[in-house]
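A structural walkthrough
In case you want the letters, here they are:
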Amino acid sequence: MATILITGCSSGFGLASALAFARNGDQVYARMRDTGKAGQLQQAADQEGLKIHIKTLDVTQPATFEGVIKEIVGEAGRIDVLVNNAGILRVGAFEDLAEQAIRDVMETNFFGPMLLTRTVLPYMREQNGGYIIMISSLSGIAGLSGDVTYTGSKFALEGATEALRHEVDRWGIKVALVQAALYETNIFAPNLPNDSMLPPDYPADSPYRTLVETKLEGLRSKIPDALDPGIVGDLLVEIAGSDGSQLRWPADDLSRMVLGALFAKSDSERDAFLRGAAGTDWWSEGKSGPDG
């Protein structure tokens, strides 16, 4: 039985993955910013007779991270898997978005998961193993108009995670990224008001208005065909049981197609190339220096 910490569990991927790991027999610590929204997860767990530990964690409040991790380790003895899932989206032309909106996306999607990971790493090094799984997006490998801020946060997360992979493998710590296409989650809700084309605070005189309206209308048309988040939940359980040789995990056919088109090398080939370019094979092999 593994100990799993998951962020952003009030809905979507977080909720689905908490249930999937609990069904797998793991000890699940589900965290969310507002436990007032825990009803759906708790009800689903109760219906299946699953035990899930639900408490508060706001990924934009890194001062709280150490206390959260210490509490879990004190109770469970270790953390085997960290799933960094919490995220937000703000659709809009970059010029139109307020600075605070841009910073909010980066704080939640990049700084939150990276700083929580940094807090967990000493414990995983001490136990000589662990798995860190980042929920990324196709927006993390392909930038499209109207998504500059979200794309920037996911590109940053992807790059940092790939670099981190080569720092922590020495201690048997595995790292993975999940790329997913369009799924039925609440991340789109603030961007798709029911009674207007644009969010109410969007600049009425924006020179990008037609571009953004077209993007949102396209998103609305695709929502009915959005995939079940349970697909990602089951995939995360599979990843947690894997050997760590694969970095990027596409969750669906579209993701597999895009990854195949944009990444010619396999993850293992890419790892070998990057370690060779950096001259760090010795580090990953546990040696004391380049000369052994």
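Residues numbered from 1 in each chain as written. Predicted model: local features only at pLDDT ≥ 70, side-chain atom pairs only at ≥ 80, totals over all residues. Heavy atoms only, no water.

Some words on unusual backbone geometry
Selection rule: The secondary structure listing takes helices from DSSP runs of H or I that are at least 4 residues long and strands from runs of E that are at least 2 residues long, numbered from the N terminus. Buried residues are those whose accessible area, probed at 1.4 Å on protein chains only, stays under 20% of the maximum for their type, while exposed residues exceed 50% and partly exposed ones sit between those limits.
Unusually for a residue other than glycine, Asn128 sits at a positive phi of about 60°. By secondary structure assignment, the location of Asn128 is in the loop between helix H4 (99-126) and strand E5 (130-135). The class of Asn128 is exposed, set by a relative accessible area of 52%.

Brief notes about the packing of aromatic side chains
Put simply, the rule is: Working definition: rings of Phe, Tyr and Trp (its six-membered ring) pair if their centres are within 6.5 Å, and the pair is stacked with planes under 30 degrees apart, edge-to-face with planes over 60 apart, and tilted otherwise. Comment: the charge-over-ring label is applied if NZ (Lys) or CZ (Arg) is within 6 Å of the ring centre and within 35 degrees of the ring normal.
Considering all chains together, one arrives at four aromatic pairs under this definition. On the numbers, 5.1 Å between centres and 70° between planes, the contact of Phe110 with Phe111 is edge-to-face. Assessed through its relative accessible area of 16%, Phe110 is described here as buried. An aromatic cluster is defined as three or more aromatic residues linked by ring pairs; in this entry it consists of Trp171, Trp282 and Trp283. In this structure, Arg170 is placed above the aromatic ring of Trp283, and the distance from its NZ or CZ to the ring centre is 4.1 Å. Seen from the ring of Phe273, Lys265 lies directly overhead, with NZ or CZ sitting 5.5 Å from the centre.

What to know about the nonpolar core
Quick reminder of the rule: By nonpolar core is meant a set of buried Ala, Val, Leu, Ile, Met, Phe, Trp, Tyr and Cys residues that side-chain atoms within 4.5 Å join together.
Counting residues in each nonpolar core, the largest one holds 35 residues, and the members touching the most others are Leu41, Ile52, Val83, Val178, Leu236 and Ile239. Residue assignment for this core shows that the elements contributing at least two residues are strand E1 (3-6), helix H1 (12-23), strand E2 (27-32), helix H2 (39-48), strand E4 (81-84), E5, strand E6 (173-179) and helix H7 (230-240). Val68, Val73, Leu82 and Leu164 belong to the second-largest nonpolar core, a separate cluster that totals 25 residues.

What to know about the pairing of strand E3 (residues 52-56)
Selection criterion: Strands are labelled as partners when DSSP assigns at least two bridges between them.
As paired strands, E2 and E3 are joined by five bridges and run parallel to one another. When the bridges of E3 are listed, Arg31 appears paired with Lys55.

With respect to helix H9 (residues 267-278)
How we decide: A helix is expected to reach a length of 1.5 Å times the quantity of its residues less one. Note on definitions: a residue-residue contact is assigned when non-hydrogen atoms from the two residues lie within 4.5 Å.
Along its twelve residues, H9 runs 16 Å from first to last C-alpha, staying within 8% of the 16 Å computed at 1.5 Å per residue. Those residues of H9 that are buried are in contact with helix H5 (148-168), strand E7 (248-250) and helix H10 (281-284). Once H9 finishes, Gly279 follows within two positions and takes phi at roughly 70°, a positive value.

Description of the pairing of E5
With six of six residues buried, E5 is to be regarded as a mostly interior element. Across the two faces of E5 the burial is the same, with Gly130, Ile132 and Met134 and Tyr131, Ile133 and Ile135 all buried. Bridging between E4 and E5 involves four bridges; their strand directions are parallel. Directly across from Val83, in E5, lies its bridge partner Ile133.

Quick notes on the packing of H1 against H2
Packed helices, taken two at a time, are described by the angle between their axes plus the distance between the axes. What counts here: Only the contacting stretch of a helix is used when fitting its axis, a line to C-alpha atoms as for every element, and angles between N-to-C directions run 0 to 180 degrees. Angle categories: roughly parallel below 35 degrees, roughly antiparallel above 145, roughly perpendicular from 65 to 115, and oblique for all the rest. Crossings are classed by handedness, with left-handed meaning an anticlockwise turn of the near helix from the far one by less than a right angle and right-handed meaning a clockwise turn. When residue character is reported, Ala, Val, Leu, Ile, Met, Phe, Trp, Tyr, Cys and Pro are called nonpolar, Asp, Glu, Lys and Arg charged, and the others, Gly included, polar.
Interaxial distance between H1 and H2 falls to 10 Å at its minimum, and their mutual angle equals 25°. Our classification of the angle between H1 and H2 gives roughly parallel. Judged by the twist between their axes, the crossing of H1 over H2 is right-handed. In contact with Leu15, Ala18, Leu19 and Arg23 of H1, H2 contributes Gln40, Leu41, Ala44, Ala45 and Glu48. For the contact of H1 with H2, the per-class residue count stands at six nonpolar, one polar and two charged.

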